Amino acid sequence: QVRERLKKQVVEMKEKFPGFRPGLAILQVGNRDDSNLYINMKLKAAAEIGISANHIKLPNTATEADVLKCIASLNGDPAVHGFIVQLPLDSDKPINTEKITNAVAPEKDVDGLSSINAGKLSRGDLGDCFIPCTPKGCMELIRQTGIQVAGKRAVVVGRSKIVGAPMHDLLLWNHATVTTCHSKTSTLAEEVGKADILVVAAGKAEMVKGEWIKPGAIVIDCGINHVPDSTKASGKRVVGDVAYSTAKEKASYITPVPGGVGPMTVAMLMQSTVESAQRFLEKFQPGKWNIQYNQLTLKVPVPSDIEISQSCIPKPIDQVAKEVGLLPDEVELYGQTKAKVHLSALKRLKNQPDGKYIVVTGITPTPLGEGKSTTTVGLVQALGAHLHQNVFACVRQPSQGPTFGIKGGAAGGGYCQVIPMEEFNLHLTGDIHAITAANNLVAAAVDARIFHELTQTDQALYNRLVPSVNGVRKFSDIQIRRLQKLGINKTDPTALTKEEVNLFVRLDIDPGTITWQRVLDTNDRFLRKITIGQSPTEKGFSRMAQFDITVSSEIMAVLALSDGLDDMKKRLGRMVVASSKRGEPVTTDDLGVTGALAVLMKDAVKPNLMQTLEGTPVFVHAGPFANIAHGNSSVLADKIALKLVGKEGFVVTEAGFGADIGMEKFFNIKCRYSGLRPHVVVLVATVRALKMHGGGPAVTAGVPLPKEYMEENLQLLAKGCSNLNKQIQNARMFGVPVVVAVNAFKTDTKAELALVVQLAKEAGAFEAVECTHWAEGGKGAVALAQAVQRASQTPSNFRFLYNVEFPVIDKIRLIAQQIYGASDIELLPEAQEKVSVYTKQGFGNLPICMAKTHLSLSHDPEQKGAPTGFILPIRDIRASVGAGFLYPLVGTMSTMPGLPTRPCFYDIDLDPASGEVNGLF
């Protein structure tokens, strides 16, 4: 009866949570026959009910440390909801049984033997503990008789920690009057005779006589004893602690031995396992966050960003992880305020439905700023702390270069920030440093390979590439892949012909085609063009090269677009660094460096968990350039977040630059590779930025703003809304509803804000909302959040702009005409040649990632508003094959910023007394 009920509960669990199964682990030390028998009974019962049971068997040579290590592993295994240590421990080493049972996590201690569960039971916390299975089974048997336990006189014979003591507590908290007896009780027969309910667990054969028992009593016999019996083949038979033959004449109900308490004990173990699994689902089920939000203390005027950040005490990051449903073994702490999240979380949650996917973008940027990052954070604070929705922000990690250069921090602003902002803006967890190391390893490998090929014969190269170790030569795995690529299906290094050796050892890189540069996460203009190889040891091999800033590395784009370790490793191996003199692409896999890159990047692939000022969770992961790369945070962060928020939750991510650049790449590149489909576009605009697009005067840093931006000017504003109109059309071109966020400044008038809202709606926006989140935090973005909620309920008919199978030129033309407003494109000779080369090399079916100025819809940064009829010049085309796109160059792109006359570092300082960072903004 119990098993059938449990079987039904497990089926219901699986239907509600596809792919889920309650998990039971049984840890055995040694090989006792009786233990093997009991374990087999438990495994059989688990299989019948639908519980996934795992039997872990340690040898009798196992030490206490071995057992504790195994328990620690099971404690942290999310697939194990309950586990038991089979007693007694059959080891020839001394093991403290009490220490072992107390090492089991209380929430998984389905045997109820830990001191914590025993303590809770003794205090009467029956709903918050696991009860030992035999007493629990005895109680179930008593209930099945139909007797009312409350008010009855109960006697328990035996006081063991496993049965007697917990049985006493269980009966007591079910309102019986309980007496505990044992072998030393002098009036045992008299006490037994008073019992309405008698539970015997003394471990002595037929200790309780039938004539002692009160007529009509309920007798539960827990004993298992062997007595001599010459009629049995074994020479013995099993009896209980009660003389059954005489007791059954007086008792109204008595359990037989064997076949009474034993099977019910096993059933209770299964019930506790199912209960533990149910508790697990309640605790970690997406859609049921129990999150503590931080209350903001708003000040007027609004203090500096770092003052606000440092005035807020962040929650411990392990608390944030727990609140959003991450398991302890899925979180790798980096101090108190940041952590990495293991990709195992995505595997665990794979059958959960995704939440709503929101992308924040903006009008074409101006020096006056639009506040996309601030709006992203404000929106999630509003959805979470004010509307109590499950919500995650997924943002890019900023480059450290601009932090010390001219831009400052990138954690949002005002009362909408990711905190601690100094951690966010500086090293974080070292991902950018890992990319720097990996990128420069490739650069070193390229030049070293050219050098060695120039200075050695084929045989010398071969002897060094495939050395003899203890008389044995062996290809590494990556070398086998190269042989297969060359069509050489041999694994014996001695079997290659001279021609095959030549093909294998000679990458024959053409130095003039090298596209792989060294990188550094510092703004340094003097590294934009350098000469390498000037030392005499390089034997005259020198060439012109350059440094780029780290976030422009293709490895950063690979990180952002990978959907797992395996995918990242494949992408790293496909990266093209140059062409051979035969015109064939040379990859990192050809260089033999793929595995090493994966090792350097193995931690960087895990998203970084942080929080906002109001305590909502944030993933900070990857930070690719938005011009020569796609300018979006990682696919992995978005995927994990979408699972964690659950079906009704929201994930808000931000695309770099304006909608014509970051959003277009978000749709055509990121969504194409991730398979994710957005529900809403949030388009950020400001009155003063729109005035600049209407023809407002230029602004200069450090000089007061011209009066056109400080005073009401509806005519200038209306003209500038042409850019807003075009960007709304761009978003709608992909079939996604648009909500416009008008980021208000104190100089904006009501008429100006109303005009932007009106024109946005006329242009096709689902809704346009005035926002004041910079000064008010999430409270100032509640109306925006509500509009996003409504928009997310409308149909999203998402579609790509182009088919990747289209010719390269056609894909470029579609983006230029449809998104930018160009009348056509013009390919310069170098770009025409690259189209031919990449198509021939098999890269023609990659998506397009336009490298264009972000300051205009056109190629001319001075052209504001929404220019049309221009010809878009394509100077060159380059390939990021590992990341998976071609990037046409429209004009000249700087990939290494320089420091201004007065860099930000003048204001950045450390207080030695408090350890606080000052001057970041």
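This structure is a prediction, so every number in the text was calculated from the model and none was measured. Numbering of residues begins from 1 in every chain and follows the order in which that chain's sequence is written. Only residues with pLDDT of 70 or above have their local features reported here, since the model is predicted, and side-chain atom pairs are shown and tallied only from 80 upward, although totals for entire chains, interfaces and linings are computed over all residues. Only hydrogens and water are removed before side-chain values are computed, so all heavy atoms of the structure are retained for them.

K.L.:
Describe the overall build of the protein chain, listing the residues and the values that go with them.
P.N.:
Helix and strand counts for the protein chain come out as 34 helices and 36 strands. Projected onto its principal axes, the C-alpha positions of the protein chain cover 110 × 80 × 55 Å. Taken across its 921 residues, the protein chain has 56% of its residues classed as buried. What makes two residues a contact is simply this: any of their non-hydrogen atoms within 4.5 Å. Relative to all contacts within the protein chain whose residues are 6 or more apart in sequence, the contacts with residues 24 or more apart total 74%. Of the roughly 38100 Å² of accessible surface on the protein chain, a fraction of 53% belongs to carbon and sulfur atoms. Separation between the mean location of the 100 positive side-chain charges and that of the 91 negative ones in the protein chain comes to 3 Å. Helix and strand definitions follow DSSP, with helices as H or I runs of at least four residues and strands as E runs of at least two, each counted in order from the N terminus. The buried label goes to any residue with under 20% of its type's maximum accessible area, the exposed label to any with over 50%, and the partly exposed label to all in between, with areas taken from a 1.4 Å probe on protein chains only. Shrake-Rupley sampling with a 1.4 Å probe provides the accessible areas, and residues are treated as covered by the protein chains on show and by no other component. The charge count treats Lys and Arg as positive and Asp and Glu as negative. His and the chain ends do not count. Working definition for charges: the position is that of NZ of Lys, CZ of Arg, CG of Asp or CD of Glu.

K.L.:
Describe the side chain of Ser553, and please don't skip the residues or the numbers.
P.N.:
With respect to the helices, strands and loops of the structure, Ser553 is situated in the loop between β22 (547-549) and α21 (554-561). With relative accessibility at 5%, the residue Ser553 sits in the buried group.

K.L.:
Let's hear about the packing of helix α6 (residues 133-144) against helix α7 (residues 164-173): which residues, and what values?
P.N.:
Every angle, taken between N-to-C directions, lies between 0 and 180 degrees, and every axis is a line fitted to C-alpha atoms, over only the stretch in contact when it is a helix. Across the interface, α6 lies against α7 with an axial gap of 9 Å and an inter-helix angle of 40°. On the basis of the axis angle, α6 is oblique to α7. In terms of crossing hand, the pair formed by α6 and α7 is right-handed. Two secondary-structure elements touch here, α6 through Pro135, Lys136, Cys138, Met139 and Ile142 and α7 through Pro166, Met167, Leu170 and Leu171. Amino acid classes used here: Ala, Val, Leu, Ile, Met, Phe, Trp, Tyr, Cys and Pro are nonpolar; Asp, Glu, Lys and Arg are charged; the rest, including Gly, are polar. Taken together, the residues that form the contact of α6 with α7 break down as 8 nonpolar, no polar and 1 charged. Oblique is the label for any angle not covered by the other classes, which are roughly parallel (under 35 degrees), roughly antiparallel (over 145) and roughly perpendicular (65 to 115). The crossing is said to be left-handed when, going from far helix to near helix, the turn is anticlockwise and less than a right angle, and right-handed when the turn is clockwise.

K.L.:
Quick one: what's the story with the sheet that holds strand β1 (residues 23-29), residue by residue and with numbers?
P.N.:
Two strands are said to pair when DSSP picks up at least two bridges between them. Strand order across the open sheet formed by 3 strands is β2-β1-β3, with parallel pairing between neighbours. Each of the sheet's edge strands pairs with one partner strand only, and the pair in question is β2 (52-58) and β3 (82-85). With strand direction ignored, the average angle separating the axes of adjacent strands in the sheet is 15°. Where β1 meets β3, 4 bridges bridge the pair, whose relative direction is parallel.

K.L.:
Lay out a nonpolar patch on the surface with the relevant residues and their values.
P.N.:
A residue counts toward a patch only above 30% relative accessible area and without a salt bridge, and it is joined to like-charged neighbours within 9 Å or, for Val, Leu, Ile, Met, Phe, Trp and Tyr, to nonpolar neighbours within 5 Å. Salt bridge criterion: a side-chain nitrogen from Lys or Arg within 4 Å of a carboxyl oxygen from Asp or Glu. A contiguous nonpolar patch, built from Leu37, Tyr38, Met41, Ile224 and Val238 and spanning about 420 Å² of accessible area, is present on the exposed surface. When residues of the nonpolar patch are assigned to their parent elements, the largest contribution, 3 residues, is made by helix α2 (residues 33-49). Looking at the element boundaries, Ile224 is found in the loop between β7 (218-221) and β8 (225-228).

K.L.:
Before we move on, can you summarise unusual backbone geometry with the specific residues and values?
P.N.:
Leaving glycine out, the prevailing phi sign among residues is negative, and the prevailing peptide bond configuration is trans. The omega torsion across Val300 and Pro301 is 0°, close enough to zero to call that bond cis. In this structure, Pro301 sits in the loop between α10 (261-284) and α11 (305-311). The linkage connecting Ile419 with the following residue, Pro420, adopts the cis geometry, with an omega of -5°. With phi around 75°, His175 is a residue other than glycine that occupies positive phi space. Inspection of the secondary structure assignment puts His175 in the loop between α7 and β5 (177-181).

K.L.:
Can you tell me about the side chain of Ser580, naming the residues and giving the values?
P.N.:
Structurally, Ser580 can be placed in the loop between β23 (576-579) and β24 (585-587). Filtering out sequence-adjacent residues up to four positions away, Ser580 remains in contact with Leu507, Asp508, Ile509, Asp510 and Val586.

K.L.:
Residue-level account of the sheet that holds strand β6 (residues 197-200), with values.
P.N.:
Spatially, β5-β4-β6-β7-β10 is the arrangement adopted by the 5 strands of the open sheet, whose pairing is parallel. The two strands at the open ends of the sheet, each matched to only one other strand, are β5 and β10 (253-254). Both β6 and β7 contribute to a ladder of 4 bridges, which runs parallel. Paired with Val200 across the two strands is Asp221, which belongs to β7. Contacts from α7 reach β4 (153-157), β5 and β6 within the one sheet, and its direction differs from that of β4 by about 170°.

K.L.:
Account for the nonpolar core, with residues named and values stated.
P.N.:
Nonpolar core, defined: a set of buried Ala, Val, Leu, Ile, Met, Phe, Trp, Tyr and Cys residues in which side-chain atoms within 4.5 Å join the residues together. Membership of the largest hydrophobic core comes to 140 residues, with the highest contact counts inside it found for Phe392, Phe619, Phe667, Leu724, Val740, Leu872 and Ile874. Sorting elements by how many residues they give to this core places helix α17 (residues 431-455) first, with 9 residues. Counting 52 residues, the second-largest nonpolar core is a separate cluster that includes Ile26, Val110, Val261 and Val274.

K.L.:
Please give an account of the pattern of salt bridges that cites residues and values.
P.N.:
Applying the stated rule across the entire model yields 45 salt bridges. Notably, a salt bridge pairs Arg543 with Asp447, separated by 2.8 Å at the nearest N-O pair. A residue pair is termed long-range when its members are at least 10 positions apart, and Arg543 in strand β21 (residues 543-545) and Asp447 in helix α17 qualify at 96 residues. For Asp447, a relative accessible area of 9% puts it in the buried group. A salt bridge links Lys834 to Asp876; its shortest N-O distance comes to 3.1 Å. With a gap of 42 residues between them, Lys834 in helix α34 (residues 829-840) and Asp876 in strand β33 (residues 876-880) connect regions that are remote in the sequence.

K.L.:
Tell me about the environment of Gly112, and name the residues and values.
P.N.:
Assignment of secondary structure puts Gly112 in the loop between α4 (97-103) and α5 (115-123). The buried category is assigned to Gly112, whose relative accessible area is 4%. Considering only alpha carbons, one finds Gly112 and Cys133, 21 residues apart in sequence, at a separation of 7.3 Å. Discounting chain neighbours no more than four positions away, the residues touching Gly112 are Asn117, Phe130, Ile131 and Pro132.

K.L.:
Before we move on, could you go through the packing of helix α1 (residues 2-16) against α10 and cite the residues and values that matter?
P.N.:
Here α1 crosses α10 at 20°, and the two axes come no closer than 10 Å. Overall, the two elements α1 and α10 adopt an arrangement that is roughly parallel. Seen along the crossing, α1 lies across α10 with a hand that is left-handed. Along its contact with α1, which presents Val2, Arg3, Arg5, Leu6, Gln9, Val10 and Met13, the element α10 presents Pro263, Met264, Val266, Ala267, Met268, Met270, Gln271, Val274, Ala277, Gln278 and Leu281. Its residues assigned to classes, the contact of α1 with α10 shows 13 nonpolar, 3 polar and 2 charged.

K.L.:
A description of the pairing of strand β31 (residues 824-827) should follow, citing residues and the corresponding values.
P.N.:
In β31, alternate side chains face the same way, and those of Ile825 and Leu827 are buried while those of Asp824 and Glu826 on the opposite face are not. Here β31 pairs with strand β32 (residues 871-874) via 4 bridges, running parallel. From the neighbouring strand, Asp824 faces β32, where its bridge partner is Ile871.

K.L.:
Which residues make up the packing of aromatic side chains, and what are the values?
P.N.:
Pairs were defined over the aromatic rings of Phe, Tyr and Trp, the Trp ring being its six-membered one, requiring ring centres within 6.5 Å. Orientation was assigned from the angle between planes: stacked under 30 degrees, edge-to-face over 60, tilted for the rest. Taken as a whole and assessed by the stated rule, the structure comprises 13 aromatic pairs. Ring geometry for Phe20 against Phe280: centres 6.2 Å apart, planes inclined by 15°, an arrangement best described as stacked. Note that Phe20 is positioned in the loop between α1 and β1 and Phe280 in helix α10, a separation of 260 residues in sequence. Each member of the pair, Phe20 as well as Phe280, carries the same accessibility label: buried. Between Tyr462 and Phe504, the aromatic rings sit 5.9 Å apart at their centres with planes inclined by 90°, giving edge-to-face as the arrangement. Residue Tyr462 is located in helix α18 (residues 458-465), and its partner Phe504 is located in helix α20 (residues 498-505); the two are separated by 42 residues in the primary sequence. Considered together, Tyr462 and Phe504 belong to a single accessibility category, that of buried residues. Here a set of aromatic residues connected by ring pairs shows up, and it is made of Tyr357, Phe666, Phe667, Phe734, Phe798 and Phe800. Only Lys NZ and Arg CZ are tested; either one counts as a charge over a ring when it is within 6 Å of the ring centre and within 35 degrees of the ring normal. In this structure, Arg279 is placed above the aromatic ring of Phe130, and the distance from its NZ or CZ to the ring centre is 4.4 Å. Looking at Arg688, its charged tip hangs above the ring of Phe745, at a distance of 3.8 Å from the centre.

K.L.:
Describe in detail α18, supporting the description with residues and values.
P.N.:
When we look at burial in α18, the residues that qualify are Ala460, Leu461 and Tyr462. Looking at the buried residues of α18, the elements they touch are α17, β18 (472-473) and α20.

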